[in-house]
Amino acid sequence: MAMTSAGANTPGSYPPGPQPPGPQPSGSPSSSSAPSVGERVRERVRSGFGLIGPRHGRHTLSPEQVDSLGLPIGDDGVVVGVDSEGQPAVLGVNRPTPYDVVLIGGLWTAQVLALRAAATGARVAVETGRAQSWMQMVHAMGGGQNGMAVYDVGRVPPQGASAGGPVLVVRDCGMRPPRGRVVSGPWQSVLTLLPYLSPVAPRLIRQARLVGVQRVSPDEAGELGRAMALPRADVDSLPTLADGVTLWCADRDRQYVMTQPTDAEIGLLGTPRRMD
């Protein structure tokens, strides 16, 4: 973006404005009676101009250049991967309203999302029947003192979520998760992980604001297509998705996203995989 500089002052100059007159002895030339720099500064302070700070050039845009001005404004949240065009895909889990997410996929993807949510400042509460699968992450993050804690199924206490302390509850409770004691609310989102399509999936999908689907069988893809009104092309693609690829669906919006792990995530969780 081209920028122009206008109205810059030379070193030692002062902003435009009325110059307070200094004392003018009668009969003396004006050059010899002009106030000193110190006197002019004191006069400006007394007259309300304030102290003079650093001098910087003024940066302006012409009216023709305003249309070309672009600002990097986007969603705030967790980067879940990249879309088909290689652009970051962001999931905003810290919200002032209840937000339910269902992921029909692998543990690896759920753990990456939990890890990245914690990195954004959210506290993560994991409700699971396989605590051993999560403890490595907890230990890596400081033994539960830095944003992540693991609880048995049905044992998640109230989290006290707030704007300054948002919470993500991850429910890793198998094919038939019981109704959770801790539900979504202001600044508290809930991510429910289903390894496969199950009898409770239609109910959870109806309640969810966002649904992610990874590789499933052709029969499961057909059922999901009917439950979510997916186009035939998406139904046919679901059984062929690569590891780490998720079809995220919200209302009528659909987006394929590839989750690309960082080196640290690979060291902790391994490479992307659908099966656990």
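Above: the structure in question.
Described in the following lines is the structure provided in the data block. (Residues numbered from 1 in each chain as written. Predicted model: local features only at pLDDT ≥ 70, side-chain atom pairs only at ≥ 80, totals over all residues. Heavy atoms only, no water.)

**What to know about the overall build of the protein**
- The helix and strand inventory of the protein stands at nine helices and 12 strands.
- Sorting the 276 residues of the protein into buried and exposed places 37% on the buried side.
- In the protein, the proportion of contacts linking residues at least 24 apart, taken out of those at least 6 apart, comes to 63%.
- Working note: accessible area of the protein is about 15600 Å², and carbon and sulfur atoms make up 54% of it. (Helix = DSSP H or I, 4+ residues; strand = E, 2+ residues; numbered from the N terminus. Buried < 20%, exposed > 50% of the residue type's maximum accessible area, 1.4 Å probe, protein only. Contact = heavy atoms within 4.5 Å. Areas by Shrake-Rupley, 256 points an atom, 1.4 Å probe, with all protein chains shown as cover.)

**With respect to the pairing of strand 8 (residues 167-172)**
- In terms of burial, strand 8 is a largely internal element, six of the six residues being buried.
- Taken together, the five bridges between strand 8 and strand 9 (residues 188-194) define a ladder with parallel strand orientation. Each bridged residue has a counterpart across the sheet, and for valine 170 the counterpart in strand 9 is leucine 191. (Pairing = 2+ DSSP bridges.)

**Quick look at the packing of aromatic side chains**
- In total, this model carries zero aromatic pairs according to the counting rule given.
- Here the basic side chain of arginine 95 rests over the ring of tyrosine 99, its NZ or CZ set 3.9 Å away from the ring centre. (Phe/Tyr/Trp six-rings, centres within 6.5 Å; stacked < 30°, edge-to-face > 60°. Lys NZ or Arg CZ within 6 Å of the ring centre and 35° of its normal.)

**What about unusual backbone geometry?**
- Its identity is not glycine, yet tryptophan 187 carries a phi of approximately 65°, on the positive side.
- Looking at where tryptophan 187 falls in the secondary structure, it is placed in the loop between strand 8 and strand 9.
- Residue tryptophan 187 is classed as partly exposed on the basis of its relative accessible area of 25%.
- The phi dihedral of alanine 229 is positive, around 55°, even though this residue is not glycine.

**Observations regarding the packing of helix 4 (residues 107-119) against helix 5 (residues 132-140)**
- Helix 5 packs onto helix 4 with a crossing angle of 30° between their chain directions and a minimal axis gap of 12 Å. As far as their axial angle goes, helix 5 and helix 4 are roughly parallel. Handedness of the crossing formed by helix 4 with helix 5: right-handed. Only Ser133, Trp134 and Met137 of helix 5 make contact with helix 4, whose side of the interface consists of Leu107, Ala110, Gln111, Ala114 and Leu115. (Axes fitted to C-alpha atoms, helices over the stretch in contact; angles between N-to-C directions. Parallel < 35°, antiparallel > 145°, perpendicular 65-115°, else oblique. Left-handed = near helix turned anticlockwise from the far one by under 90°.)

**Focus: the environment of glutamine 260**
- When you line up the elements, glutamine 260 lands in the loop between strand 12 (253-258) and helix 9 (263-269).
- Classification of glutamine 260 by relative accessible area gives partly exposed; the value is 47%.
- Spatially, the C-alpha atoms of glutamine 260 and valine 245 are 9.2 Å apart, while their sequence positions differ by 15 residues.
- Those residues in contact with glutamine 260, other than ones at most four positions away along the chain, are Val82, Arg116 and Glu265.

**What to know about the pattern of salt bridges**
- Considering all chains together, one arrives at seven salt bridges under this definition.
- The closest approach of N and O atoms between aspartate 243 and arginine 215, which form a salt bridge, is 3.0 Å. Of this pair, aspartate 243 sits in the loop between helix 8 (232-237) and strand 11 (245-250) while arginine 215 sits in the loop between strand 10 (210-213) and helix 7 (218-228); the two residues are 28 residues apart in sequence, bridging distant segments of the chain.
- The shortest N-O distance in the salt bridge between aspartate 234 and arginine 254 comes to 2.7 Å. Taken together, the residues span a long stretch of sequence, with aspartate 234 in helix 8 and arginine 254 in strand 12 at a distance of 20 residues.
- Judged by relative accessible area, aspartate 234 falls into the buried class, the value being 9%.
- Look at arginine 254 and you get partly exposed, because its relative accessible area is 41%.
- Members of the salt-bridge network, linked through shared partners, are Arg130, Asp172 and Asp276. (Salt bridge = Lys/Arg side-chain N within 4 Å of Asp/Glu carboxyl O.)

**Structural notes on the nonpolar core**
- Membership of the largest hydrophobic core comes to 33 residues, with the highest contact counts inside it found for Val80, Val124, Met148, Val170 and Trp248.
- Sort the elements by how many residues they give to this core and helix 4 lands first, with nine residues.
- Residues contacting methionine 148, with those up to four places away along its chain left out, are Ala114, Leu115, Val124, Val126, Met137, Val138 and Met141.
- Of all hydrophobic cores here, the second largest spans 22 residues; its members include Val102, Leu224, Met228 and Leu238. (Core = buried A, V, L, I, M, F, W, Y, C linked by side-chain atoms within 4.5 Å.)

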